[in-house]
Amino acid sequence: MYLSWIIPAYNEERRIEKTIREVSEFLRAKNFPGGFEIIVSNSASRDRTAAIVRNMRPRVPELSLLDLENKGKGWAVRQGMLQARGEVRMFSDADNSVSPDHLDKFLPMLCTDEKGPQGECFDAVIGSIEVPGAEIQEHAQWYRRMLGKFAKYVIRAISGLYEIHDSQRGFKVFSRRAAETVFARQTLTGWGFDFEILLIAKIHGFRIREVPVRWVNPPDSKVGIGAYAATFWELLEVKWNQIKGMYQ
């Protein structure tokens, strides 16, 4: 199989059908050799998310539902990535805040076993709103924007990823080899998993490329103020894990 697209979801009944439809229509138009799969990693949603995904399967045969405990977004992404079969493995947010067509910019940069080392390529290609060319359509309150900016600098300073300007965007693409190495070593299950997986990739010598994206931040984003505090403690946990050599 060529590509696996993972969508972590928790109580997404209002938008999961639209998201799956947009992703499916985009991927079908590509006619990838080997085909593709879409995996919805459902974190024990209490609404109709799972039922909607099941009802869509006759229309989207490439779609599968992975029912999980609600341990956090990081857990949902990890389980989806490790179950995936694609030579290319990626995840995106359930609201398509970065539209599926961005993948057209990412794939030519990615190293895969099928492509081989033709010129410069990367093992992980990640979306960013902090590099030249990025566009932001922001609906969040001013204090959340300020907190987000501050959090990025703190993450860069402490994590050992100073060269990565935006580790938190929900649109990341990995080669199969990188995904199997990185996600098997991931320990965080919450919001901080993004910088953990990038640090693991860096420790193992995988090359990372940051690519500008157009990001639409919806007004009903689920990232609350408490998530910033939790992420800070996860950042310290990652640093301690690194010191102990847990990611080797």
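One can find the structure itself at the top, above this paragraph.
Scope of this entry: the structure provided in the associated data block. (Residues numbered from 1 in each chain as written. Predicted model: local features only at pLDDT ≥ 70, side-chain atom pairs only at ≥ 80, totals over all residues. Heavy atoms only, no water.)

### What to know about a nonpolar patch on the surface
Thinking step 1. A contiguous nonpolar patch, built from Phe232, Trp233 and Leu236 and spanning about 320 Å² of accessible area, is present on the exposed surface.
Thinking step 2. Mapped onto the elements of the fold, Trp233 is located in helix 8 (residues 225-244).
Thinking step 3. Looking at Trp233, the relative accessible area reads 59%, which means it is exposed. (Patch = residues over 30% accessible without salt bridge, like charges linked within 9 Å, V, L, I, M, F, W, Y side chains within 5 Å. Areas by Shrake-Rupley, 256 points an atom, 1.4 Å probe, with all protein chains shown as cover. Salt bridge = Lys/Arg side-chain N within 4 Å of Asp/Glu carboxyl O. Helix = DSSP H or I, 4+ residues; strand = E, 2+ residues; numbered from the N terminus. Buried < 20%, exposed > 50% of the residue type's maximum accessible area, 1.4 Å probe, protein only.)

### A closer look at the pairing of strand 9 (residues 214-217)
Thinking step 1. The alternating pattern of strand 9 places Trp215 and Asn217 on a buried face and Arg214 and Val216 on a face that is not buried.
Thinking step 2. Pairing geometry for strand 6 (residues 135-138) and strand 9, over four bridges, is parallel. Looking across to strand 9, one finds that Glu138 is bridged to Asn217. (Pairing = 2+ DSSP bridges.)

### Structural notes on helix 2 (residues 49-56)
Thinking step 1. Buried within helix 2 are the following residues: Thr49, Ala50, Ile52, Val53 and Met56. All buried residues of helix 2 fall inside an arc of 165° around its axis, so they share one side.
Thinking step 2. Next to the buried residues of helix 2 lie strand 1 (3-9), helix 1 (16-28), strand 2 (36-43) and strand 3 (63-68). (Arc of directions from axis to C-beta. Contact = heavy atoms within 4.5 Å.)

### A word on the state of the cysteines
Thinking step 1. Counted according to the given criterion, the structure contains one disulfide.
Thinking step 2. The disulfide partner of Cys111 is Cys121, and the S-S distance across this bridge is 1.7 Å. The disulfide joining Cys111 to Cys121 has a torsion of about 105° about its S-S bond and is therefore right-handed. Highlighted residues: Cys111 in the loop between helix 4 (103-106) and strand 5 (124-128) and Cys121 in the loop between helix 4 and strand 5, separated in sequence by ten residues.
Thinking step 3. Overall, the relative accessible area of 9% leaves Cys111 in the buried class.
Thinking step 4. Overall, the relative accessible area of 3% leaves Cys121 in the buried class. (Disulfide = S-S within 2.5 Å.)

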